[in-house]
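Understanding the architecture of this molecule
Each chain is listed here by its residues.
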Amino acid sequence: MDKFKIRGGTPLRGELPVSGSKNSALPALAACLLTEQPMTLYGIPDVKDISTMQSLLKYTGAEVGQEDGAVRIHAKSLDRPEAPYDVVKTMRASSLVLGPLVARTGRARVSMPGGCAIGARPINMHVSALEELGASIEQAYGYVEAQAPKGLRGAMIHFDRISVTGTEDVLMAAVLAEGETIIRNAAREPEVKDLADLLIKMGAKIEGAGTSIVRITGVKRLHGAEHTIIPDRIEAGTFLLAGAITGGDVTVTGCNPEHVAGLVVKMRQAGAEIEELGSGSLWVRCSQRPKAIDVTTEEYPGFATDLQAQYMAWMSIAQGISLVTETIFENRFMHTQELARMGANIRIEGRQAIIAGEAELTGAQVIASDLRASASLVLAALVARGESTIDRVYHIDRGYERIEEKLATAGANIQRIE
Ligand code: EPZ
């Protein structure tokens, strides 16, 4: 099991390039199931979750290939519209094939995701939305079995709470349903808008993607298309925080500044200097300890829950006491115990973390618990005095493309130990 060994104290300097968005690539790959024609996707990041999704598409019968930075998917015939437990248990986002498989083949058998480190994360809203669209659903033996032999029909779908992949699943089912579908209380994340842009290139009729109300007029079939995935806003935010926490001078390149605006506002309030340099580059410098600034995670365009752990690492060295409130997941503070081993002073009260900033953190042996928690531990280790080792870095490999190489290029003292 790989580990990272990090010696803290070096301010990062230079460029940190951002890869394509994992959370945009996953639904885009699932959308390739909706047509029997070949699809080409560019900007797909080389991370574990993507290879998991590609093997899942192969399992259903699609041809999957890669060549010079492009991913080619050809779902000519899907003879096994299923997502088996041993795939779903490693990646919850496998539920994204549920909508496309039902829409394309009239049936799907998808394992229900097990528990997850950050919360229960059920898919009940995905299932009830598909029932609204006319699928008959049975949940037994740990699987969701969906049938729609006569196809799906448009409906009014209301999400009790905002769900990113719930919205994406329904979007991919509705584009082939007969008639009009309206999704109310839809997720507004950039990844949802990117998926809709891809579906429209395939011939879908969608209005309002990226807002809370999305209208879809079903079509008989979709054709092949090419699409470039948007940059990863969570990686961009993680790199901005890496530049700030190390007291460095960093340019994050290949990002979309609009997608990290919520974080940038907070970082400026805390004392970081951040400038847009144009053509997808953001410059950050922070030569003193940050001021303690509270954040509350909210759905986009609010402060991203996927940046909460990384932000908390920065607040661990702030001047003053900050309050971090996590409103999306019920158990997304697993990183605080590990940060505490590095000297962070954090108290958890339900959905809130109270962080009393310390002048200094010290290196320690810590264990990653989930993808973004591991990013938070890397950031803390980069500023801590002395050496840290981070175990179970397979978590970080799920969503960051060779993060240690990118950070080392900017001067970080970090090695991967096989
Ligand atoms: C997506 O997960 C992201 N994953 C997550 O990123 C991200 O943290 C999350 O959205 C919130 O922004 C992908 O896009 C692949 P939700 P998703 O459905 O869609 C509850 C990362 O680090 N809920 O928006 O699974 C759920 O439990 C990952 O890259 C139900 O109760 O999240 C949560 O509390 C982590 N029933 C809330 O809604 C449902 O049917 C929001 O979840 C669906 C969700």
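Structure shown above.
The following paragraphs examine the structure supplied in this document. (Residues numbered from 1 in each chain as written. Predicted model: local features only at pLDDT ≥ 70, side-chain atom pairs only at ≥ 80, totals over all residues. Heavy atoms only, no water.)

So, about the overall build of the chain. The helix and strand tally for the chain stands at 14 helices and 24 strands. Expected size for 418 residues packed as a compact globule is a radius of gyration near 22 Å; at 21 Å, the chain falls within 12% of this value. Along the first, second and third principal axes, the C-alpha set of the chain runs to 65 × 45 × 40 Å. With 418 residues in all, the chain has 56% of them scored as buried. Intrachain contacts of the chain at a sequence separation of at least 6 include 73% that bridge at least 24 residues. Accessible area of the chain: about 16300 Å², with a carbon and sulfur share of 47%. Between the mean site of the 44 positive side-chain charges and the mean site of the 51 negative ones, the chain shows a separation of 1 Å. (Helix = DSSP H or I, 4+ residues; strand = E, 2+ residues; numbered from the N terminus. Rg over C-alpha atoms; globule rule 2.2 N^0.38 Å. Buried < 20%, exposed > 50% of the residue type's maximum accessible area, 1.4 Å probe, protein only. Contact = heavy atoms within 4.5 Å. Areas by Shrake-Rupley, 256 points an atom, 1.4 Å probe, with all protein chains shown as cover. Lys, Arg positive; Asp, Glu negative; His and termini not counted. Charge placed at Lys NZ, Arg CZ, Asp CG, Glu CD.)

This part is about the packing of aromatic side chains. Centre-to-centre distance and the angle between the planes together describe a pair of aromatic rings. As enumerated under the stated definition, the model contains 2 aromatic pairs in all. Ring geometry for F303 against Y311: centres 5.4 Å apart, planes inclined by 70°, an arrangement best described as edge-to-face. Look at F303 and you get buried, because its relative accessible area is 7%. Y311 sits in the buried class, given a relative accessible area of 0%. Each residue in the set F303, Y311 and W314 is aromatic and connected to the rest through ring pairs, giving one cluster. The aromatic ring of Y59 is capped on one face by R80, whose charged end is 3.6 Å from the ring centroid. Just above the ring of Y143 sits the side chain of R109; from NZ or CZ to the centre is 3.7 Å. (Phe/Tyr/Trp six-rings, centres within 6.5 Å; stacked < 30°, edge-to-face > 60°. Lys NZ or Arg CZ within 6 Å of the ring centre and 35° of its normal.)

Right, let's get into the site of the ligand. Around the ligand, the surrounding shell holds 22 residues, and the nearest of these are N124, S163, T165, D306 and I328. Contacts to the ligand include R161, whose side-chain N or O atom sits 3.4 Å from an oxygen atom. Starting from 820 Å² of accessible surface for the ligand in isolation, the protein chains cover 90%. For the shell around the ligand, the elements supplying multiple residues, two or more each, are α1 (22-31), α5 (124-132), α6 (164-174) and α12 (371-383). Split by domain, the residues of the shell around the ligand number at least three in each of domain 1 (3-19 + 232-417) and domain 2 (22-228). (Near = heavy atom within 4 Å. Polar contact = N/O pair within 3.5 Å; in protein donor to acceptor, adjacent residues only side chain to side chain. Domains from an automatic or database assignment.)

Once that is clear, we can look at the nonpolar core. With 77 residues, the main nonpolar core has L34, V97, L171, L199 and I206 as its most contacted residues. Ranked by residue count, the leading element in this core is α1, at 6 residues. Not counting the four nearest positions on each side in its chain, L171 is found in contact with I183, V192, L195, A196, L199, I206, V214 and I216. (Core = buried A, V, L, I, M, F, W, Y, C linked by side-chain atoms within 4.5 Å.)

A word on helix α8 (residues 233-245). In an α-helix, one full turn covers 3.6 residues, which means residues spaced three or four apart are oriented alike. For α8, spanning 13 residues, the distance from its first C-alpha to its last is 18 Å, which sits close to the expected 18 Å at 1.5 Å a residue. Most of α8 sits inside the fold, with 13 of its 13 residues counted as buried. Two residues or fewer past α8, G247 is found with a positive phi of approximately 65°. (Expected span 1.5 Å × (residues − 1).)

As a further point, take the packing of helix α11 (residues 334-341) against α12. Contact pair α11 / α12: the axes reach a minimum separation of 9 Å and the direction vectors enclose 20°. With respect to α12, the axis of α11 lies roughly parallel. In this structure, α11 meets α12 at a crossing whose hand is right-handed. Across from H335, E338 and L339 in α11, the residues of α12 making contact are A373, S376, L377 and A380. A breakdown of the residues in the contact of α11 with α12 according to their chemical character gives 4 nonpolar, 2 polar and 1 charged. (Axes fitted to C-alpha atoms, helices over the stretch in contact; angles between N-to-C directions. Parallel < 35°, antiparallel > 145°, perpendicular 65-115°, else oblique. Left-handed = near helix turned anticlockwise from the far one by under 90°. Nonpolar A, V, L, I, M, F, W, Y, C, P; charged D, E, K, R; others polar.)

This next bit is on the sheet that holds strand β17 (residues 281-285). Taken in spatial order, the 4 strands of this open sheet run β2-β15-β17-β16, and their pairing is mixed. Edge positions in the sheet fall to β2 (13-17) and β16 (273-278), since each has one partner strand and no second. Neighbour-to-neighbour, the strand axes of this sheet turn through a mean angle of 20°, independent of strand direction. Here 4 bridges tie strand β15 (residues 249-253) to β17, and the two strands are oriented antiparallel to one another. Its bridge partner lying in β17, D249 is registered against R285. On the sheet, α8 packs against β2, β15 and β17 and is oriented at approximately 170° with respect to β15. Against the sheet, helix α9 (residues 261-269) touches β16 and β17, its axis set at about 140° to β16. (Pairing = 2+ DSSP bridges.)

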